[in-house]
Amino acid sequence: MRKGVLRPGHVQIRVMNMQQALRHYVELVGLIQTHQDSQGRVYLKGWTETDRFSVILAEAEVPGMDFTGFKVRDEQTLVALTQDLQAFGCQVEQIPAGELDFCGRRVRFLCPTGHWIELYADKQYTGRWGVGEINPEAWPRGLRGMRAHAFDHCQLHGSELALNRELFVDVLGFHVTEQVLDGNGESVADWLSLSIKAHDVAFVGDGNVGAFHHAAFYLDTWESLLRAGDLLSMTDTSLDVGPTRHGITHGQSMYFFDPSGNRNEVFAGGDVHYPDQKPVIWQEKDIGKAIFYHSRVLNERFLTVMT
């Protein structure tokens, strides 16, 4: 049963030097700066996104993710889901409208993996950047860097994966698209979607409670991903892995780090998965091929470096 959660809406990332972060996320990744608030937080979006922002950069002493949020259908949905979250036993906080500029009130909860997740119903609608809402052009002139289309998903690491999956599926209405199962048939990683996307969020149960593995930004083609790889080399940006293909989701992927050490991904393609389909299963013993389909090997950074 669908619960009225629509899609990923935003992520707040902590950065240690705002000017360096802006060069990375605007000049290299190609997000568009739309605002800076009275707290100094900078608001960004991809050009295909229709709301005012999807990424918030907050200057801090340590990197990482403060929270990620999902948009819900309307205020009535937000009220009902708040009650459901409380009944499930989540710690819930009410964030007033305007705490993030251009955004309505938010309901923030601590999920079993140790991450703060938000739900909200209202955010300023601005339309796609640079193409217009009537007879839109194919793409806007003036895009920079990798020309990222949108914030796509986060991968988050923690514990209590079974309870977390119950929360996201039974309370919030996600469906499981893919899983990695250990030798006992227990899931050690879940990919979850709200639509027919390959995933809208991923959780890995490795015990690193509250850890932020990466935020991903969508590109449209394999060729765009290769061009992004060229830009990483041209700017001497720290590369983690890729360009390559995932086994899980079959998406094309590349991982790299922002100047504060937060991992980014650019992602293209990916399977279509309808809610009535069974999850695709991968075995933990084949995790190398599941994550990096070409090399079939996980590097140490990918398993251990998180913020």
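All values reported here derive from a predicted model rather than from experimental measurement.

Thresholds, definitions, all that
Residues numbered from 1 in each chain as written. Predicted model: local features only at pLDDT ≥ 70, side-chain atom pairs only at ≥ 80, totals over all residues. Heavy atoms only, no water. Helix = DSSP H or I, 4+ residues; strand = E, 2+ residues; numbered from the N terminus. Rg over C-alpha atoms; globule rule 2.2 N^0.38 Å. Buried < 20%, exposed > 50% of the residue type's maximum accessible area, 1.4 Å probe, protein only. Contact = heavy atoms within 4.5 Å. Lys, Arg positive; Asp, Glu negative; His and termini not counted. Charge placed at Lys NZ, Arg CZ, Asp CG, Glu CD. Polar contact = N/O pair within 3.5 Å; in protein donor to acceptor, adjacent residues only side chain to side chain. Pairing = 2+ DSSP bridges. Axes fitted to C-alpha atoms, helices over the stretch in contact; angles between N-to-C directions.

If you tally the helices and strands in the protein, you get six helices and 17 strands. At 18 Å, the protein has a C-alpha radius of gyration in line with the 19 Å of a compact globule built from 307 residues. When the backbone C-alpha atoms are referred to their principal axes, the protein occupies close to 50 × 45 × 45 Å. The buried share of the protein, reckoned over its 307 residues, is 54%. Expressed as a percentage of contacts within the protein between residues at least 6 apart in sequence, the contacts between residues at least 24 apart total 67%. Across the protein, 28 positive and 39 negative side-chain charges occur, with their mean positions spaced 4 Å apart.

Within the secondary structure, Glu27 is located in helix α1 (residues 18-28). Of the residues examined, Glu27 reaches a relative accessible area of 43% and is grouped as partly exposed. Sequence separation of Glu27 and Leu143 is 116 residues, and the distance between their C-alpha atoms is 9.2 Å. With near-sequence residues (within four places) excluded, Glu27 lies in contact with Leu22, Arg144 and Gly145. In terms of polar contacts, Glu27 uses its side chain to reach the side chain of Arg144, at 2.6 Å.

Moving on, we come to the sheet that holds strand β16 (residues 263-268). Read across the open sheet, the nine strands follow the order β14-β15-β16-β13-β9-β12-β11-β10-β17; overall the sheet is mixed. Here the strands that pair on one side only, and so sit at the sheet edges, are β14 (239-245) and β17 (280-283). If you compare each strand with its neighbour and ignore which way they point, the axes differ by 20 degrees on average. Pairing geometry for strand β10 (residues 175-181) and β17, over four bridges, is parallel. Bridged to Glu178 within β17 is Val280. Its contacts with the sheet place helix α4 (residues 222-234) against β14, β15 (252-257) and β16, and it is angled at close to 20 degrees to β15.

Most of β15 is tucked away, with six of its six residues classed as buried. Counted between consecutive antiparallel strands, the loop separating β14 from β15 contains six residues, among which Thr249 sits at a positive phi close to 75 degrees. Of the pairings in the sheet, the one linking β15 to β16 comprises six bridges and is antiparallel in character. Counterpart to Phe256 in the pairing with β16 is Asn264. With antiparallel pairing between neighbouring strands as the criterion, β15 and β16 make up a hairpin whose turn holds five residues, including Gly261 at a positive phi of roughly 100 degrees.

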